[in-house]
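Below are the chains, spelled out letter by letter.
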Amino acid sequence: MTNDVRTLEWTGDGLCLLDQTLLPGRVEYVVARDVATLVDAIRRLVVRGAPALGVAGAFGVAVAVRQAAREGWDEAARDAAIAEVREARPTAVNLAAGVDRVLPFVAKGADAVVDEAQALLDEDVRGNRAIGAFGADWILRRVGDRPLRVLTHCNAGALATAGWGTALGVIRNLHERGRVELVYADETRPLLQGARLTAWELAQAGIPCAVQADGAAPSTILRGLVDVAVIGADRIAANGDTANKIGSVGVALACAAAGIPLVVAAPWSTVDPALPDGAGIPIEERAAEEVLAWGGARTAPEGVDAFNPAFDVTPARLVTALVTETGVLEVSAGETPGRARA
């Protein structure tokens, strides 16, 4: 798939979002022409994935500016609406970064904001392709120039970005070179982004894949069935600690025990230089119903509570390589994002 189905796109009067809560069964769209609709879409995971959230945040400012003009808001009300977009989800730093990127253009009007948001979208697609090439080159040098068995966790493909993907961008590049034997796609509890979204993207691209339960991933790695694991990220601290979908830490620990690389693929915008380490990364806790029920039916006994963190933080010592649009940092060997930017 070359992103024929666009994850998000400006329509001229609003932001059109592919509704990822309905995939793979239905391909439908949500058009956000007001801030409330956009914030709801972000929180419900209609749009998700750190890079895609960054682009959505940028266009969200345009939505707020247009709504303010249409409904006669004063600057304070407009700025409060922009802040609501910026804070819709706490863990992915890209959302706030996307909003902040276009704020200087607000005084010039909605069209100027849209132009800058579109520039961010185009940069994301170009950056993702660079990530794919850098990551594939590094993996083939490190693991061997041969067909590989790759494991990925959650969804870091075209659906999580403006196009092409980060972790899946690396896998796509390997596939184009004939170097993918099989991709293990962790199902990703509780909302099954791996089973619903990653497997869908891989199938569309003709890349052989197998969906497995999250709990199977460490065993699959330790049995010698995986050559490399490639995941995305929602926020990366200056020392290389990496927040990604819950369950990533188990993958990282198994990779370390098996002696295979854990590769994190993400744009520089995902790095938060203000955070010295992962202890400061806010961990979003989502609704209990995502764990206690499925398809509207209760699966746990009444009266039982839920603990539903959306992310975990993998320590830098377990991150073999961080691939960005500028190249590769071997984080566990001491090449940290903070030092690279210093």
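Per an unreviewed UniProt entry, the recorded name for the protein is Methylthioribose-1-phosphate isomerase, and the organism is Actinomadura meyerae. Quoted verbatim from the Catalytic activity (unreviewed entry) heading of the UniProt record, the comment on the protein is "5-(methylsulfanyl)-alpha-D-ribose 1-phosphate = 5-(methylsulfanyl)-D-ribulose 1-phosphate". The protein has a UniProt comment under Sequence similarities (unreviewed entry) that states "Belongs to the EIF-2B alpha/beta/delta subunits family. MtnA subfamily."

A.B. asks: I tried to follow the pattern of salt bridges on my own but got confused; where do I start?
C.D. replies: Pairs can form between side chains of opposite charge whenever their charged atoms are close. Across all of its chains, the model carries 16 salt bridges by this definition. One salt bridge connects Glu201 with Arg172, and the closest N-O pair in it is separated by 2.4 Å. One end of the pair, Glu201, is in helix H7 (residues 193-205); the other, Arg172, is in helix H6 (residues 167-176), and 29 residues separate them in sequence. Across the pair, Arg172 and Glu201 agree in class, each one buried. Bridged by salt links that share partners, the residues Arg89, Glu284, Arg286 and Glu290 form one connected network.

A.B. asks: Explain the nonpolar core here, please?
C.D. replies: Taken as a class, soluble globular proteins show a tendency for nonpolar side chains to be buried jointly. One finds Leu15, Leu17, Phe59 and Val61 to be the most contacted residues of the largest nonpolar core, which totals 41 residues. Among the secondary structure elements, those contributing two or more residues to this core are strand S1 (8-10), strand S2 (15-18), strand S3 (29-32), helix H1 (35-43), helix H2 (50-71), helix H3 (75-86), helix H4 (93-102) and helix H5 (110-143). Of all the elements, H2 adds the most residues to this core, at 12 residues. Not counting chain neighbours up to four residues away, the residues in contact with Leu15 comprise Leu8, Glu9, Trp10, Val30, Val31, Ala32, Leu38, Ala56 and Phe59. Of all hydrophobic cores here, the second largest spans 25 residues; its members include Ala229, Cys255, Ala266 and Ala316.

A.B. asks: Would you mind going over unusual backbone geometry with me for this structure?
C.D. replies: Most peptide bonds take the trans form, and the phi angle of most residues other than glycine is negative. Cis rather than trans, the peptide bond between Leu23 and Pro24 has omega equal to 5°. By the element assignment, Pro24 lies in the loop between S2 and S3. Pro190 follows Arg189 through a cis peptide bond whose omega is 5°. In this fold, Pro190 is placed in the loop between strand S5 (180-186) and H7. The phi dihedral of Thr188 falls on the positive side, at around 75°, and the residue is not glycine. Here Thr188 is to be found in the loop between S5 and H7. Exposure remark for Thr188: the relative accessible area of 0% places this residue in the buried category.

Rules and cut-offs
- Residues numbered from 1 in each chain as written.
- Predicted model: local features only at pLDDT ≥ 70, side-chain atom pairs only at ≥ 80, totals over all residues.
- Heavy atoms only, no water.
- UniProt positions renumbered as here; feature names shortened; annotations may be inferred.
- Salt bridge = Lys/Arg side-chain N within 4 Å of Asp/Glu carboxyl O.
- Helix = DSSP H or I, 4+ residues; strand = E, 2+ residues; numbered from the N terminus.
- Buried < 20%, exposed > 50% of the residue type's maximum accessible area, 1.4 Å probe, protein only.
- Core = buried A, V, L, I, M, F, W, Y, C linked by side-chain atoms within 4.5 Å.
- Contact = heavy atoms within 4.5 Å.

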